[in-house]
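# Results of the structural survey
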Amino acid sequence: MVSRLSREFALKTEAERRAAYADMLLSPVMHTDCTNARENGKGCQIYVCATPDGKALYFAREKKGHEGVKDTVTEDYQGILVHDHDRTFYNYGTDHQECLAHVLRYLKGSMDNEPDRTWNKDMHSLVQEMIHFRNGLQPSEELDPCKVSEFEERYRKILETARKEYENVPANDYYRDGYNLFLRIEKYMQNHLLFLHDLRVLRQNLSAAALFRCPFQCPLQRCLVALGPAQSVQNVDVVVISRTGVCNIAGQYGFQLFGQNCFEIVGQNADCAVIEQH
């Protein structure tokens, strides 16, 4: 029964999946993320593509990188991608916003391991201030170019402070993550601050990451995911339907939702995975 669920579900939702795929390609902004999972005891990668209007598709792949992105929405997407610092994603889309939740976490790591440096504390405070500024904007409010320029100038000054601090006291072999972070946020400054120039762009990748890890922030209150045949992971299609779609499809086809707040492959030999999120 369970072993047939994914194949049956995939067949009966093909039209919905194709329509979602096409709609997502037209979205001006799309979020994407990847996480590791296990399938029949073997490691695999789960890619998610999500748009701000609540559409999402999952894809199971054997590998990360370009092989993992192949045949996902990201491969053909021509809009703004929001993602973490996986540089593979920079080869797709037309522009990029890096998730600032990750940047804040890395800055906190630098603060803990390099307490004598000032740049990491200053940058952490600035990023928080920029996020607060953006969150405080009303839907009809425009971005203030003078304020944005001020943020950018402070960003550059903190980078200059970081450069001087590492010239005076170089990073040691024990901990180089802070120095590498400095180089990265200098190189990708435009991609850290795009959310200050385009109101369509969120400053975090919650739409994608939340579908993996943050059920309470997930735009899909409840979703059903079905993986294809377990023996051919690289060709697996994974389906996500919104709350209404799940209820309708579950009722129409006699499918049931398994578990609560979980993402798992059901059974050692099963070829399906089901999510129920509240």
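All of these numbers come straight from a predicted model, not from anything done at the bench.

Assigned secondary structure in the protein chain consists of 11 helices and 8 strands. Out of the 278 residues belonging to the protein chain, those deemed buried represent 50%. Considering only contacts within the protein chain whose residues lie at least 6 apart along the sequence, 60% involve residues at least 24 apart. Total accessible area on the protein chain is roughly 14,100 Å²; 48% of this is exposed by carbon and sulfur atoms.

This brings us to helix α7 (residues 145-168). Counting along an α-helix, one turn takes 3.6 residues, and residues three or four places apart therefore face a common direction. Here α7 is 24 residues long and its end C-alpha atoms lie 35 Å apart, about the 34 Å a rise of 1.5 Å per residue gives. Buried within α7 are the following residues: Val148, Phe151, Glu152, Tyr155, Ile158, Leu159, Ala162, Glu165 and Tyr166. Check the buried side of α7 and you find it contacts α5 (100-113), α6 (119-135), α8 (177-187) and α9 (189-192). The N-cap residue of α7 is Asp144: its side-chain oxygen and the backbone nitrogen of Cys146 are 3.0 Å apart.

Right, let's talk about the packing of α7 against α8 for a bit. Axis separation between α7 and α8 bottoms out at 11 Å; the angle between their running directions is 145°. Taken as a pair, α7 and α8 cross one another with a handedness that is left-handed. The segment α7 lies against α8, with Tyr155, Leu159, Ala162, Arg163 and Tyr166 engaging Gly178, Tyr179, Phe182, Ile185 and Glu186. Counted by class, the contact of α7 with α8 contains 7 nonpolar, 1 polar and 2 charged residues.

The next point concerns the packing of α5 against α8. For the pair α5 and α8, the least separation of the axes is 9 Å and the interaxial angle reads 145°. Crossing geometry of α5 relative to α8 is assigned as left-handed. Counting all contacts with α5, which are made through Val103, Tyr106, Leu107 and Ser110, the residues of α8 involved are Gly178, Leu181, Arg184 and Ile185. Here the contact of α5 with α8 is composed, by residue class, of 5 nonpolar, 2 polar and 1 charged.

Backbone geometry places Asp71, a non-glycine residue, at a positive phi of 70°. With respect to the helices and strands, Asp71 occurs in the loop between α3 (65-69) and α4 (73-76).

Side-chain pairing between opposite charges can occur once the charged atoms of the two side chains come close. Applying the stated rule across the entire model yields 10 salt bridges. Between Glu150 and Lys147 there is a salt bridge; the shortest N-O distance is 3.7 Å. Residue Glu150 and its partner Lys147 are located together in helix α7, separated by 3 residues, close to a single helical turn. Linking Arg200 and Asp198 is a salt bridge whose minimum nitrogen-to-oxygen distance equals 2.7 Å. The exposure class of Arg200 is partly exposed, given its relative accessible area of 47%. One connected set of salt bridges, linked through shared partners, spans Glu129, Lys147, Glu150 and Arg154.

Further remarks concern the side chain of Arg134. Along the chain, Arg134 falls in helix α6. Among buried Asp, Glu, Lys and Arg side chains, Arg134 stands out as unpaired, with Asp198 the closest opposite charge at 6.9 Å. Filtering out sequence-adjacent residues up to four positions away, Arg134 remains in contact with Phe195, Asp198, Leu199, Arg200 and Val201.

What follows covers the environment of Glu142. Structurally, the position occupied by Glu142 is in the loop between α6 and α7. Considering only alpha carbons, one finds Glu142 and Leu199, 57 residues apart in sequence, at a separation of 8.2 Å.

To continue, consider the state of the cysteines. Under the defined criterion, the tally for this structure stands at 0 disulfides. Unpaired in terms of disulfides, Cys34 finds its nearest cysteine sulfur in Cys44, a separation of 9.3 Å. You can call Cys34 buried: its relative accessible area is 12%.

In this structure, Trp119, Met123, Val127, Met130, Tyr155, Ile185 and Leu196 are the most contacted members of the largest nonpolar core, which totals 33 residues. Only β4 (80-83), α5, α6, α7 and α8 provide two or more residues apiece to this core. Grouped together as the second largest cluster of nonpolar side chains are 15 residues, Met24, Met30, Cys49 and Tyr77 included.

The rules behind these values
Residues numbered from 1 in each chain as written. Predicted model: local features only at pLDDT ≥ 70, side-chain atom pairs only at ≥ 80, totals over all residues. Heavy atoms only, no water. Helix = DSSP H or I, 4+ residues; strand = E, 2+ residues; numbered from the N terminus. Buried < 20%, exposed > 50% of the residue type's maximum accessible area, 1.4 Å probe, protein only. Contact = heavy atoms within 4.5 Å. Areas by Shrake-Rupley, 256 points an atom, 1.4 Å probe, with all protein chains shown as cover. Expected span 1.5 Å × (residues − 1). Polar contact = N/O pair within 3.5 Å; in protein donor to acceptor, adjacent residues only side chain to side chain. Axes fitted to C-alpha atoms, helices over the stretch in contact; angles between N-to-C directions. Left-handed = near helix turned anticlockwise from the far one by under 90°. Nonpolar A, V, L, I, M, F, W, Y, C, P; charged D, E, K, R; others polar. Salt bridge = Lys/Arg side-chain N within 4 Å of Asp/Glu carboxyl O. Lys, Arg positive; Asp, Glu negative; His and termini not counted. Disulfide = S-S within 2.5 Å. Core = buried A, V, L, I, M, F, W, Y, C linked by side-chain atoms within 4.5 Å.

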